[in-house]
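In case you want the letters, here they are:
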Amino acid sequence: MYNLNSLFTSKNIFLYGCARHAFKASLQLVNLNHDDTVLIPSFICRDLLSSIYENNLRIKFYSVNKNLEPEYLPVDSNIKAVLAVNYFGFPQDLEIFRTYCKKNNCVLIEDNAHGFLSFDQEGTELGRRTNIGFTSFRKIIPVFDGSALFINNYKIQKSEFLKLSPSDARLPFRFILKKFARLIQRNMNIPLIIYLEDLSRLMRLLFTGSRIPKPLKNAEKIIGRPINIHSSSIATLKQLAATLDEERKRRRNLYVKFLKILEDYEVELIFSKLIDNVSPYGLPFIDNNNNIIGIKKIARENGFTCEKWPDLPISIMSSCPDFYKNIYFIDFLE
Ligand SMILES: Cc1ncc(COP(=O)(O)O)c(C=O)c1O
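Residues numbered from 1 in each chain as written. Predicted model: local features only at pLDDT ≥ 70, side-chain atom pairs only at ≥ 80, totals over all residues.

## Notes on the overall build of the chain
Note the threshold: By definition, any uninterrupted DSSP run of H or I lasting at least four residues is a helix, any uninterrupted run of E lasting at least two residues is a strand, and each is numbered from the N terminus. The globule rule used for comparison is 2.2 Å times the number of residues to the exponent 0.38, while the radius of gyration itself is calculated over C-alpha atoms. The burial label depends on the number of other C-beta atoms within 10 Å of a residue's C-beta. Counts of 20 or more mean buried, 12 or fewer mean exposed, and intermediate counts mean partly exposed, with C-beta atoms placed from the backbone. Note that contacts rest on C-beta atoms placed from the backbone: two residues are in contact if these are within 7 Å.
The helix and strand tally for the chain stands at nine helices and 11 strands. A globule of 334 residues ought to have a C-alpha radius of gyration of about 20 Å, and the chain, at 19 Å, matches this closely. With respect to the three principal axes, the spread of C-alpha positions in the chain is 55 × 45 × 45 Å. For the chain, buried positions account for 37% of its 334 residues. Counted over contacts in the chain with a minimum sequence separation of 6, partners at least 24 positions apart contribute 64%.

This is the structure:
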């Protein structure tokens, strides 16, 4: 059974409001100097850059292939930390990263923002496979916020690296409404969440001209979310503790179901096999043949959304491979 308790009791786990804060804290822990460089994949959401820039560090990108594995890792004496990402909850093969970091004396950080509840084939929890890692909760279970920084094997030198107390700030009305809708949906089998999402997209379209949230202008520079986890997220996590293994099963079943459905569409799958122990964030694919309208419709009929991921860093948009801009995923968040 998933050991949720350790999140709250371990002295080597620190909770934050979001994964960007956990990543920012991990870089502070490593004690980098101003202007040191962090090596990250170019296939990444632009928000994540803020964790690095808020620490006044520099960024270098490595590109990934269609399996979302690094093409190669560039060498640069200023690179002091490297980020490996478990995309969509699937374990990134860490071999190339470990070799690189050993050779170039860098710290490897495992970004498991997509893979809470996911394990690798050896049974190690994702986010716990390198000296420092982090995970995020709200993409996987319906909590307001929250992420965990795992200090798996790294000496904490800074005595001021303390646990933060949870926030009791007022929750946004939108979140409370969604929570309510989820409750009704579960008990009465009415797809209220999708209707709510439709309504919210329509309102957004009217007010901002875009159906999905546009990235904030300074998203690359400023984290823009609270650093403290909300107390309601901790309460919900604890409430759901006994159901987390079921949640992994639900996600795995959905993956298999949608793999079958997508056989009728000419899409290129990123992960064509669901390996043991993985808890998928969703089902990602490359839409080479403009099938997305049909796929979005079928996802919606099943109660899920299907969106493009990610909002790429601005600086790589003109030079990245085309497939970076054609990756969609069916999101299994219920
Ligand atoms: C791979 C990856 N890492 C980190 C993050 C940052 O997560 P958060 O929004 O919890 O800060 C995201 C956000 O979507 C992400 O996709």
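Next comes the rest of the write-up.
## Comments concerning the sheet that holds strand β1 (residues 13–16)
The pairing of strands in a sheet comes from backbone hydrogen bonds and takes either a parallel or an antiparallel form. Formally: Two strands are counted as paired when DSSP detects at least two bridges linking them. Axes here mean lines fitted to C-alpha atoms, for a helix over just the part in contact, with angles spanning 0 to 180 degrees between N-to-C directions.
Read from one edge to the other, the open sheet built from seven strands follows the order β1-β7-β6-β5-β4-β2-β3, with strand pairing classed as mixed. Both outer strands of the open sheet, β1 and β3 (58–62), are each paired with one neighbouring strand and no more. Put simply, the sheet's adjacent strands are angled 20 degrees from each other on average, direction ignored. Sitting on the sheet, helix α4 (residues 95–104) touches β4 (79–85) and β5 (107–112), and the angle it makes with β4 is about 175 degrees.

## As for the nonpolar core
Here is a general trend for soluble globular proteins: nonpolar side chains tend to be buried in one another's company. Quick note on the threshold: Put simply, a nonpolar core is buried Ala, Val, Leu, Ile, Met, Phe, Trp, Tyr and Cys residues tied into one set by C-beta atoms within 7 Å.
A81, V82 and L149 are the most contacted members of the largest nonpolar core, which totals 72 residues. When neighbours within four sequence positions are excluded, L149 is seen to be in contact with I13, F14, Y16, A22, A25, S26 and F134.

## Looking at the sheet that holds strand β9 (residues 282–286)
Spatially, β8-β9-β11-β10 is the arrangement adopted by the four strands of the open sheet, whose pairing is antiparallel. Bordering the open sheet on either side are β8 (268–269) and β10 (305–308), each of which pairs with just one other strand. Sheet analysis places β8 next to β9, joined by two bridges and oriented antiparallel. By the bridge assignment for β9, E268 is matched with I286.

## A look at unusual backbone geometry
Residues apart from glycine generally show negative phi values, whereas peptide bonds are mostly found in trans. Residues W309 and P310 are joined by a peptide bond in cis, for which omega reads -5 degrees. Mapped onto the fold, P310 is located in the loop between β10 and β11 (327–331). Even without a glycine there, the phi angle at N56 is positive, about 55 degrees. Within the secondary structure, N56 sits in the loop between α3 (49–53) and β3. Positive phi, close to 55 degrees, is recorded for N105, a residue that is not glycine. By the element assignment, N105 lies in the loop between α4 and β5.

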